[in-house]
Amino acid sequence: MSNSGGPTRQSDSLADVVEMLLDKGVVINADIVVSIGDTELLGVQLRAAIASFETAAEYGLEFPDGTDMRRVEQASGRSELEDDDTVTVEGGEDDAALDDEEQSDTERQSAPELGTRPNDGARAESAGGGGDEADGDEGGDEDASDEDADGESASNTEQAAESDAAAEEADDDD
Amino acid sequence: MADDTDTEGETEFEEGRYLYCAVTVDDGTDLDTDGVDDEPVRLLAVDDIGVVLHDCESLYDTADMDELRKWVLQHQNVVDAAGEAFGTPIPFQFDTVLTGDDDRVREWVAEERGTLGDYLDRLAGHWEYRVELRREEEALREDLVASDDRLAELDEEIEAAGSGTAFMLEKQYDQRLRELRRERRTDRAAALRDRLDEFVLDVNELGERTTLDDEDGDDDGMETQARFTVLATEDDEEGMGEMLDEVAAETGVEVRFTGPWPPYSFVPAIGGEDGTETGG
């Protein structure tokens, strides 16, 4: 909208950086080279955990003064919901924070489309593989917490559509 | 990386080199900056190919996401500085460590000289740019509703139906809307890709997975319709920017255009199975 012709590095560029460094970049296949292995999973975790960008400026990414940090934080909060299998690995405090956010309801209503995307399935798989605790969550928290129940329906749209009319109804409000 | 899962145990070693990127070395140019975990970064030149690295004794692994984020940004800063000093670098993936001393690095560079040289030549003067096309959720919905006969029919049927039937019809309505959204996304992505192709050396479509706000309808009410990463020269920037401005001129459409980045998405895996692209 306001490109004025040129590319920029702006408030949400950190997401680009994380994606490029952890999902892309040259992988060196050699016996003498080691790496932490699943950097992609690490990227998912990091994206999920990014809730504040203040320190980014210190390390060189320049965020304009007018950057709406709250918006950015909410965006990252939402991505935690979508990645909830992974996020549970990180611990519960972020989930608790989300409970307080009224907006998260409206945000979630659009989420079901997520499940129809091929990539999302891939992510759910790789995320699940990385955190065993997440598997336990699926059954346990669904009844206990509305937040998690909605999160589930978001990542398993197909099943939700068939078996969970209530969740589907929530989608309709969209 | 997947085929080396057992390396996860080897996070400690006696001597290693954390690798940031490979560059084409000019005479006399050096690099003086701090890297991941504030380690001093240096350039190890092997003839005309330089490797930007720092000395380390372990991999950088942490469960502390703040720390990880800091490292990632520090890594990026080094690659940025290298790009500024030496031109387009070949950026390595975060936390790539070669075990051994400088001589091992030299040996490795000698072994991979062909691949590294080819890519440095090919990428010279080119940078990665990222383009994301977004559309206002509500405007998109209105647009789709107004243009689809099937939705109009369903709407009428819902009006006329009892509550049970209406419930089922509403499901169909949403289903139809979802299909239309998907179609629209595909169309827009294809159209934008065609236009980008005119300007750039290479275009890759990115999946939805990795943006921070990767789903439509987050708090700003925007839906991502397409994401691309392109390889282009700085001279192409202006033309691309103008073209994207045209795209963004449509009501409710927003374009994110970031860069220049080191060409992370346009580099090969080096060694092992040749020609394997990294990532997507």
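Everything that follows concerns the structure shown earlier in this document.
Residues numbered from 1 in each chain as written. Chains lettered and ligands numbered in written order. Predicted model: local features only at pLDDT ≥ 70, side-chain atom pairs only at ≥ 80, totals over all residues. Heavy atoms only, no water.

(A) Structural detail: the overall build of chain A. A tally of helices and strands in chain A yields twelve helices and one strand. Along chain A, helices and strands appear, N-terminal first, in the series α-β-α-α-α-α-α-α-α-α-α-α-α. Here chain A holds 174 residues, and the buried ones make up 52% of them. Excluding contacts between residues fewer than 6 apart, the proportion of contacts in chain A whose partners are at least 24 apart in sequence is 69%. A total accessible area of about 7300 Å² is found for chain A, and carbon and sulfur atoms account for 44% of it. (Helix = DSSP H or I, 4+ residues; strand = E, 2+ residues; numbered from the N terminus. Buried < 20%, exposed > 50% of the residue type's maximum accessible area, 1.4 Å probe, protein only. Contact = heavy atoms within 4.5 Å. Areas by Shrake-Rupley, 256 points an atom, 1.4 Å probe, with all protein chains shown as cover.)

(B) Here's a closer look at helix H1 (residues 13–23) of chain A. Of all eleven residues making up H1 of chain A, eleven are buried, and the element is well covered by its neighbours. Two residues or fewer past H1 of chain A, Gly25 of chain A is found with a positive phi of approximately 85 degrees.

(C) Seen up close, the packing of helix H6 (residues 163–197) of chain B against helix H7 (residues 236–248) of chain B. All names here are of chain B. Running from N to C, H6 and H7 point in directions that differ by 155 degrees, and their axes come no closer than 10 Å. Put simply, H6 runs roughly antiparallel to H7. Of the two elements, H6 crosses H7, and the hand of that crossing is right-handed. Counted together, Leu192, Arg195 and Leu196 of H6 and Met240, Met243, Leu244, Glu246 and Val247 of H7 form the full contact between these two elements. Its residues assigned to classes, the contact of H6 with H7 comprises six nonpolar, no polar and two charged. (Axes fitted to C-alpha atoms, helices over the stretch in contact; angles between N-to-C directions. Parallel < 35°, antiparallel > 145°, perpendicular 65-115°, else oblique. Left-handed = near helix turned anticlockwise from the far one by under 90°. Nonpolar A, V, L, I, M, F, W, Y, C, P; charged D, E, K, R; others polar.)

(D) Focus on the sheet that holds strand E7 (residues 202–205) of chain B. All names here are of chain B. The antiparallel open sheet is built from four strands, whose spatial order is E7-E8-E6-E9. In this open sheet, the two edge strands, each paired with only one partner strand, are E7 and strand E9 (253–261). Each strand of the sheet is rotated relative to its neighbour by a mean of 20 degrees, with strand direction disregarded. Examined bridge by bridge, strand E6 (residues 126–136) and strand E8 (residues 222–233) share eleven bridges and lie antiparallel to one another. (Pairing = 2+ DSSP bridges.)

(E) Focus on unusual backbone geometry. All names here are of chain B. A cis amide bond, omega -5 degrees, links Gly259 with the succeeding residue Pro260. Structurally, Pro260 is set in strand E9. Here the phi dihedral of Asp38 falls at roughly 65 degrees; this positive angle occurs in a residue that is not glycine. Inspection of the secondary structure puts Asp38 in the loop between strand E2 (33–34) and strand E3 (40–46). At Asp47, a residue that is not glycine, the phi angle is positive and equals roughly 55 degrees. Tracing the sequence through the fold places Asp47 in the loop between E3 and strand E4 (49–58).

(F) Summary view of the pattern of salt bridges. Residue and element names in this part refer to chain B. Evaluated as defined, the whole model comprises 30 salt bridges over all chains. When the shortest N-O distance is used, the salt bridge between Arg113 and Asp48 registers 3.0 Å. Of the two residues, Arg113 sits in helix H3 (residues 113–123) while Asp48 sits in the loop between E3 and E4, which places them 65 residues apart along the sequence. Residue Asp48 is classed as partly exposed on the basis of its relative accessible area of 41%. (Salt bridge = Lys/Arg side-chain N within 4 Å of Asp/Glu carboxyl O.)

(G) Representation of a negative patch on the surface in the model. Residue and element names in this part refer to chain B. Taken together, the side chains of Asp30, Asp32, Asp34, Asp37, Asp38, Asp64 and Glu67 present a region of like negative charge at the surface. Checked against the element boundaries, Asp64 lands in the loop between E4 and helix H1 (65–86). Classification of Asp64 as partly exposed rests on a relative accessible area of 39%. (Patch = residues over 30% accessible without salt bridge, like charges linked within 9 Å, V, L, I, M, F, W, Y side chains within 5 Å. Lys, Arg positive; Asp, Glu negative; His and termini not counted. Charge placed at Lys NZ, Arg CZ, Asp CG, Glu CD.)

(H) Spotlight on the packing of aromatic side chains. Residues and elements named next belong to chain B. If you walk through the whole model with that rule in mind, you get six aromatic pairs over all chains. Ring plane angle 80 degrees and centroid distance 5.5 Å describe the contact between Tyr18 and Tyr60, whose orientation is recorded as edge-to-face. Here Tyr60 lies in the loop between E4 and H1 and Tyr18 lies in strand E1 (residues 12–24), a separation of 42 residues in the sequence. Ring geometry for Tyr129 against Phe257: centres 5.8 Å apart, planes inclined by 35 degrees, an arrangement best described as tilted. Taken together, the positions of Tyr129 in strand E6 and Phe257 in strand E9 put the pair 128 residues apart, joining distant regions of the chain. Given the relative accessible area of 0%, Tyr129 is considered buried. Phe257 sits in the buried class, given a relative accessible area of 1%. (Phe/Tyr/Trp six-rings, centres within 6.5 Å; stacked < 30°, edge-to-face > 60°.)

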